[in-house]
Amino acid sequence: MSRHSNIHGNELADQAAKVAAQSGSVPVMVDLTQQTDITTFAHCYGGLVEIDLRQLLKQQSTIRHHQAWTSQRRVKMAIPDIEDVEWNSTLAYVHDRHAVFTFYSNSKDTHQRTHHIKKLHGMLPTLNSMQARKPNLYPTCVCRRCELEKEDNDHVWKCPSAAETTTEIWKEAMGKINEWGVQATNSYNAARKREYKRAVDRGRQVPRPVPIHWWPPSDADHVRGFSSISGARVVHSGSLAPDRDENPMWKVSDLLRGITPMSMLTEWFAVFRTPMSIAKTVLHRFIGYLEAQASELIWTPRCSERSRGN
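Residues numbered from 1 in each chain as written. Predicted model: local features only at pLDDT ≥ 70, side-chain atom pairs only at ≥ 80, totals over all residues. Heavy atoms only, no water.

A few points about the overall build of the protein chain
(1) Moving on: Scanning the protein chain for helices and strands turns up 14 helices and 4 strands.
(2) Moving on: Buried positions account for 35% of the 310 residues belonging to the protein chain.
(3) Moving on: Contacts spanning at least 24 positions in sequence make up 60% of the contacts within the protein chain whose residues lie at least 6 apart.
(4) Moving on: For the protein chain, the computed accessible surface area is about 19500 Å², with 54% contributed by carbon and sulfur atoms. (Helix = DSSP H or I, 4+ residues; strand = E, 2+ residues; numbered from the N terminus. Buried < 20%, exposed > 50% of the residue type's maximum accessible area, 1.4 Å probe, protein only. Contact = heavy atoms within 4.5 Å. Areas by Shrake-Rupley, 256 points an atom, 1.4 Å probe, with all protein chains shown as cover.)

Here we look at the pattern of salt bridges
(1) Moving on: Inspection of every chain in the model, using the stated rule, returns 7 salt bridges.
(2) Moving on: Residue Arg302 is joined to Glu151 by a salt bridge in which the shortest nitrogen-to-oxygen separation is 2.5 Å. With Arg302 in helix 14 (residues 276-309) and Glu151 in the loop between helix 6 (127-133) and helix 7 (155-158), this residue pair connects regions lying 151 residues apart in the sequence. In this pair, the class of Arg302 matches that of Glu151, namely buried.
(3) Moving on: The partner of Asp254 in a salt bridge is Lys251, with the nearest N and O atoms 3.9 Å apart.
(4) Moving on: A residue is classified by how much of its surface remains accessible, and Asp254, at 2% relative accessible area, is buried.
(5) Moving on: It is possible to trace a salt-bridge network through shared partners that takes in Lys251, Asp254 and Arg257. (Salt bridge = Lys/Arg side-chain N within 4 Å of Asp/Glu carboxyl O.)

Re the side chain of Thr260
(1) Moving on: Residue placement: Thr260 occurs in the loop between helix 12 (252-256) and helix 13 (262-272).
(2) Moving on: Residues within four places of Thr260 in sequence aside, it is in contact with Asp84, Val85, Glu86, Ser89, Thr90, Tyr93, Leu283 and Ile287.

Focus: the confidence of the model for the protein chain
(1) Moving on: For the protein chain, per-residue confidence averages 80 on the pLDDT scale, and residues scoring 70 or more make up 77% of the total.
(2) Moving on: Averaged over each element, pLDDT in the protein chain is lowest for helix 1 (residues 8-23) (49) and highest for helix 8 (residues 163-175) (93).
(3) Moving on: Here residues 1-10 is a poorly scored stretch, pLDDT under 50, and it has 5 contacts once near neighbours within four places are set aside; other chains count. (pLDDT = per-residue confidence, 0-100.)

Description of the environment of Cys146
(1) Moving on: Looking at the element boundaries, Cys146 is found in the loop between helix 6 and helix 7.
(2) Moving on: For Cys146 and Cys159, which are 13 residues apart along the polypeptide, the C-alpha to C-alpha distance reads 6.9 Å.
(3) Moving on: Once residues lying within four places of it in the same chain are set aside, the contact partners of Cys146 are His155, Cys159, Pro160 and Ser161.

Quick notes on the nonpolar core
(1) Moving on: Membership of the largest hydrophobic core comes to 47 residues, with the highest contact counts inside it found for Trp170, Ile177, Trp268, Phe286 and Leu290.
(2) Moving on: Where this core is concerned, the elements lending two or more residues are helix 4 (87-94), helix 7, helix 8, helix 9 (177-201), helix 11 (232-237), helix 12, helix 13 and helix 14.
(3) Moving on: No other element matches helix 14, which puts 11 residues into this core.
(4) Moving on: Residues contacting Leu290, with those up to four places away along its chain left out, are Ile169, Trp170, Ala173, Leu255 and Leu256. (Core = buried A, V, L, I, M, F, W, Y, C linked by side-chain atoms within 4.5 Å.)

A closer look at the packing of aromatic side chains
(1) Moving on: In this structure the tally under the stated criterion is 6 aromatic pairs.
(2) Moving on: Through a chain of ring-to-ring contacts, three or more aromatic side chains come together here, namely Trp170, Trp214, Phe226, Trp268, Phe272 and Phe286. (Phe/Tyr/Trp six-rings, centres within 6.5 Å; stacked < 30°, edge-to-face > 60°.)

Observations concerning the environment of Arg257
(1) Moving on: Note on placement: Arg257 falls in the loop between helix 12 and helix 13.
(2) Moving on: Its relative accessible area of 13% is what places Arg257 among the buried residues.
(3) Moving on: For the pair Arg257 and Lys119, spaced 138 residues apart in sequence, the C-alpha separation works out to 5.9 Å.
(4) Moving on: Every residue in contact with Arg257, bar those within four places of it in the chain, is listed here: Ala78, Lys119, Leu120, Gly122, Trp157 and Glu291.
(5) Moving on: Separated by 2.5 Å, the side chain of Arg257 and the backbone oxygen of Leu120 make a polar contact. (Polar contact = N/O pair within 3.5 Å; in protein donor to acceptor, adjacent residues only side chain to side chain.)

Description of helix 4
(1) Moving on: Of all 8 residues in helix 4, 7 are buried, a share of seventy percent or more.
(2) Moving on: Every buried residue of helix 4 is accounted for by Trp87, Ser89, Thr90, Leu91, Ala92, Tyr93 and Val94.

Laid out in structure tokens, this is it:
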């Protein structure tokens with residue numbers, strides 16, 4: 001008899017060792033539901049944590065930062081309908097796709113993040129704000145590109161002189177939707193296949209996933225998809241068209257600022273006829289393209305012209 005046979009845990013260890021020695025190679029199956037004395041499993045809000053704890057803490061840090069940011073009064077003032085914003089995508093542009101928990105920063109990253117935040121808040125240094133700060137240097141705030149209206153953070157993206165550029169950006173983004181859709185669908189199918197394999201490896205019986213296919217939407221489908229955005233059909237077709245809603249909450253200029261409306265996601269989700277995650281990825285890429293190109297092709301040239309004017 002073992003000298004520590006009176007200890008229950010050691011007896012189990014001895015028994016397992018003897019069985020393994022006698023049978024060669026026997027897989028040891030541990031039923032966690034029977035291990036009432038194990039207390040090292042992490043729980044969060046009453047649920048068992050099944051992912052890497054470091055990943056969970058990173059997610060909590062991100063959510064906490066985002067909640068604090070979206071609750072600020074200036075954010076609510078700058079965004080027409082804060083409850084209709086898809087924040088995962090919108091904040092990805094604010095942080096320039098860098099996770100908030102990495103503490104990563106350099107001069108370029110800081111400059112880009114500052115620009116994104118100012119653009120979203122409506123705090124870019126347009127002529128109306130510059131005149132308020134330095135009236136001696138800026139005697140007028142009339143837009144120097146169209147010379148029709150005062151230049152504020154809304155006019156920058158709706159200026160008639162930028163209309164042709166906005167249309168080009170929009171058409172380029174629309175031309176990439178099928179490419180983004182195929183990529184998102186392939187990633188979705190691959191993820192489901194990995195989940196199926198993990199389940200099978202764990203001995204679970206689950207149905208084999210049926211691959212999802214991307215069906216390119218027609219032009220009429222796309223028009224329905226962004227029909228809740230004021231001015232979108234005009235930019236898309238190049239001709240005047242009435243908005244679907246009498247008082248639409250969102251405008252094309254809001255998309256150029258990087259805002260992803262939930263209502264637009266709902267519309268496009270029905271158009272794409274795909275799982276929501278695929279529609280969300282495609283819309284994220286679409287808005288991201290509009291936002292990046294608007295900064296490069298509308299805001300940057302406008303700053304250069306203003307500098308020459310001074």
